[in-house]
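Observations on the three-dimensional arrangement
Spelled out, the chains give:
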Amino acid sequence: APVPAPDLTSCSRAEINPGGPDVPYTCCPPRPDSLDKVPYYKFPSMTKLRVRPPAHAVDEEYIAKYNLAISRMRELDKDPKDPRGFKQQANIHCAYCNGAYIIDGKKLQVHESWLFFPFHRWYLYFYERILGSLIDDPTFALPYWNWDHPKGMRLPPMFDVPGSSIYDARRNPHVRNGTIIDLGSFGDETNTTQLQTMTNNLTHMYRQMITNSPCPLPFFGARYVKGTDPNPGAGTIENIPHTPVHIWTGTVRGSKLENGDTSFGENMGNFYSAGLDPVFYCHHGNVDRMWNEWKQIGGKRRDLTDKDWLNSEFFFYDENRNPWRVRVRDCLDSKKMGYDYAPMPTPWRNFKP
Ligand code: C2O
């Protein structure tokens, strides 16, 4: 059977690592007034497509708007019951990924499974609409971290401005000042030239998008249904480059955080805290874009047709604080959801190893 939307009454403590210490606060969302009657989401009528731009190429006006939207979202944290607040939005990731929800006696975990792409798509969908509504711009679109293109293989510069609302002090200092990211690294540093790293990155992309994912399951991740153990297996892109980008951006595990605590990778390098870094949603914009790109490559690269995937559900709040149930089957076409990606070339298509 498909994984149902989590029952919020089952939401309790979350773990920083499986079997590890608890997250020191609750990640559970505010409870809607009536829990059983959370309706299925209906797409609002659309006026204009939201076009998500590559983060390295946006102009000053966009950066100002985006910073304003995030600062307004941070202000909403004053009311801890407002599900649109910055911390509440980050807690969505904690609740769905650090074991706060129990379904059929098993901890829910949307990663390392075929729920990875659809969960994050819906998550960004509502996050983007909340930001747009906070600045009265129904066309506001999130930026995407274009790490599959040489121009985007570094922290997008707009995120590297200390003091701005999209800055996060809990990043590994090595992400600053335009350092090139190694998309294949799970934490080891290598001595390669920047040019070589970029070339290797393109080869990683070719491998994950083409060689290793000729059909749906290897791309989306392993089958995951109600009542089964979490983490059945990650898809190609979730594995590389998605996870290396998290590890590279977050603090080094075992190092000391500014408050003296030992780091568990905060913020980007741990599920519970990743959403506290605004670049998280920018990173996932590109992950989501890879879903669209992958389907365009052709062959047998299509969405899964298994009913247990299509009928899996999640729970989210929208920009009007209304709670909804959403289904995987309703998020397969981003244009139908009201957004698309500004095109960028995909040079990795020519980097067959
Ligand atoms: Cu839900 Cu990039 O992790």
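Residues numbered from 1 in each chain as written. Predicted model: local features only at pLDDT ≥ 70, side-chain atom pairs only at ≥ 80, totals over all residues. Heavy atoms only, no water.

A complete count under the given rule lists 22 salt bridges for this structure. Close ionic contact of Lys65 with Asp137 constitutes a salt bridge, the shortest N to O distance being 2.7 Å. One end of the pair, Lys65, is in helix H1 (residues 60–75); the other, Asp137, is in the loop between helix H3 (116–134) and helix H4 (194–211), with 72 residues separating them in the sequence. Residue classification places Asp137 among the buried residues on the basis of a relative accessible area of 12%. Two residues, Arg121 and Asp288, come together in a salt bridge whose shortest N-O distance is 2.7 Å. Of this pair, Arg121 sits in helix H3 while Asp288 is found in helix H8 (residues 279–297), placing the two residues 167 residues apart along the sequence. Considered together, Arg121 and Asp288 belong to a single accessibility category, that of buried residues. (Salt bridge = Lys/Arg side-chain N within 4 Å of Asp/Glu carboxyl O. Helix = DSSP H or I, 4+ residues; strand = E, 2+ residues; numbered from the N terminus. Buried < 20%, exposed > 50% of the residue type's maximum accessible area, 1.4 Å probe, protein only.)

To continue, consider helix H2 (residues 86–97). When the terminal C-alpha atoms of H2 are compared, their 17 Å separation across 12 residues agrees well with the 16 Å that a helix rising 1.5 Å per residue should span. By the criterion of burial, H2 is predominantly enclosed, with 11 of the 12 residues buried. Within H2, the full set of buried residues consists of Phe86, Gln88, Gln89, Ala90, Asn91, Ile92, His93, Cys94, Ala95, Tyr96 and Cys97. As for H2, its buried residues are in contact with H1, H3, helix H7 (271–274), H8 and strand S4 (313–317). Gly99 sits one or two positions beyond H2 and adopts a positive phi of about 80°. (Expected span 1.5 Å × (residues − 1). Contact = heavy atoms within 4.5 Å.)

Before going further, it helps to examine unusual backbone geometry. Along the chain, Ile240 connects to Pro241 via a cis peptide bond; the corresponding omega equals 10°. Locating Pro241 in the fold gives a position in helix H6 (residues 236–249). Positive phi, normally seen in glycine, also occurs at Asp104, with a value near 55°. Structurally, Asp104 can be placed in the loop between strand S2 (102–103) and strand S3 (106–107). Phi at Asn177 is positive, roughly 60°, even though this residue is not glycine. Within the secondary structure, Asn177 sits in the loop between H3 and H4. Overall, the relative accessible area of 69% leaves Asn177 in the exposed class.

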